[in-house]
Amino acid sequence: MAFGPFPVPFKLDRTRTASAQAYDHLRELITTMMLAPGAPLDRGALEEYFKLSSTPVRDALTRLRDENLVDIYPQHATIVRAIDITSLNDAHLLRLSLELEVAATLARQRDAALVHTLEGLVSQQAFALSRQDYDGFVRLDMAFHRHMFSAAQVEALWHFVRGMSGNLDRLKRLHVPLADKGKLVLADHAAIVGAIASGDEAMAQASVREHLSGTLAQLETLKARYPGYFFAAK
């Protein structure tokens, strides 16, 4: 069921600012590919959809533009931007640099409770994959990695990385349903958890490096499969 030009309903939470909610909601639709590259974002339709005035909608779109997720053409149109390759490469390098250190920290800690939690998330991911629930699978993937940052007491860095990773998230969402990508993610997560459980810092870092490089290594394949979805500055 569609809700106007948008695929899911929206309900305003009166305890949070309107512009932040509009931004979060649109960002979710874009990064999960519910709104594909090239999709138009008419401001009048957005104001009706969110039941908001023009100011919070404009502020939300401005934030999305600053993250290279939409293109705003004044007095003309706003559209969902093609996946920005420069942006996703930058986000990948930042996340890899941080998560390598997070993995080493967790391996030194050898926290049995953390290992149990991560194993549980991997099991939930396996269940989501068995049902072809790719959106749920991706949400659990995020929870797995966020929990690692939280356990290393650097969750603020996770949120910082997330704010820069919209284009990388879109690439991953395209990749997850293809071939055996989901099974590879599960195997990678299991390897990370095993290395943390055994206290093997080098293996934990090697497993993270292998895991985070998987989707980017398939960039050319995904570009060929989804022509028109990608943008690279010349």
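In what follows, the structure referred to is the one given above.
Residues numbered from 1 in each chain as written. Predicted model: local features only at pLDDT ≥ 70, side-chain atom pairs only at ≥ 80, totals over all residues. Heavy atoms only, no water.

Trainee: Can you break down the packing of helix H1 (residues 18–31) against helix H8 (residues 166–175) residue by residue, with the values?
Mentor: It is at 8 Å that the axes of H1 and H8 come closest, and there the two elements cross at 40°. As far as their axial angle goes, H8 and H1 are oblique. Seen from H1, the contacting residues are Arg27, Ile30 and Thr31; seen from H8, they are Gly166, Asp169, Arg170 and Arg173. Taken together, the residues that form the contact of H1 with H8 break down as 1 nonpolar, 2 polar and 4 charged. (Axes fitted to C-alpha atoms, helices over the stretch in contact; angles between N-to-C directions. Helix = DSSP H or I, 4+ residues; strand = E, 2+ residues; numbered from the N terminus. Parallel < 35°, antiparallel > 145°, perpendicular 65-115°, else oblique. Contact = heavy atoms within 4.5 Å. Nonpolar A, V, L, I, M, F, W, Y, C, P; charged D, E, K, R; others polar.)

Trainee: Could you give an account of the environment of Leu157, with specific residues and numbers?
Mentor: Along the polypeptide, Leu157 turns up in helix H7 (residues 155–162). Between the C-alpha atoms of Leu157 and Ile30, which are 127 residues apart in sequence, the distance is 22 Å. Ignoring sequence-local partners within four residues, the contact set of Leu157 consists of Leu98 and Phe149.

Trainee: Describe the packing of aromatic side chains, naming the residues involved and giving the relevant values.
Mentor: Following the criterion strictly, the structure yields 5 aromatic pairs and no others. With centroids separated by 4.7 Å and ring planes inclined at 90°, the aromatic side chains of Phe10 and Phe50 adopt a geometry described as edge-to-face. Highlighted residues: Phe10 in the segment before H1 and Phe50 in helix H2 (residues 43–50), separated in sequence by 40 residues. When sorted by exposure, Phe10 lands in the same class as Phe50, which is buried. (Phe/Tyr/Trp six-rings, centres within 6.5 Å; stacked < 30°, edge-to-face > 60°. Buried < 20%, exposed > 50% of the residue type's maximum accessible area, 1.4 Å probe, protein only.)

Trainee: Please set out the nonpolar core residue by residue, giving values where relevant.
Mentor: Leu106, Leu118, Phe137, Phe144, Met148, Ile196 and Val208 are the most contacted members of the largest nonpolar core, which has 32 residues in total. Among the elements of the structure, helix H4 (85–109), helix H5 (112–130), helix H6 (134–151), helix H9 (181–198) and helix H10 (201–213) are those that each provide at least two residues to this core. Contacts of Leu106, omitting those with residues within four sequence positions, involve Leu114, Met148, Ala151, Ala152 and Ile196. In terms of nonpolar packing, the next biggest core, distinct from the first, is built from 23 residues, Leu12, Leu41, Leu61 and Leu64 among them. (Core = buried A, V, L, I, M, F, W, Y, C linked by side-chain atoms within 4.5 Å.)

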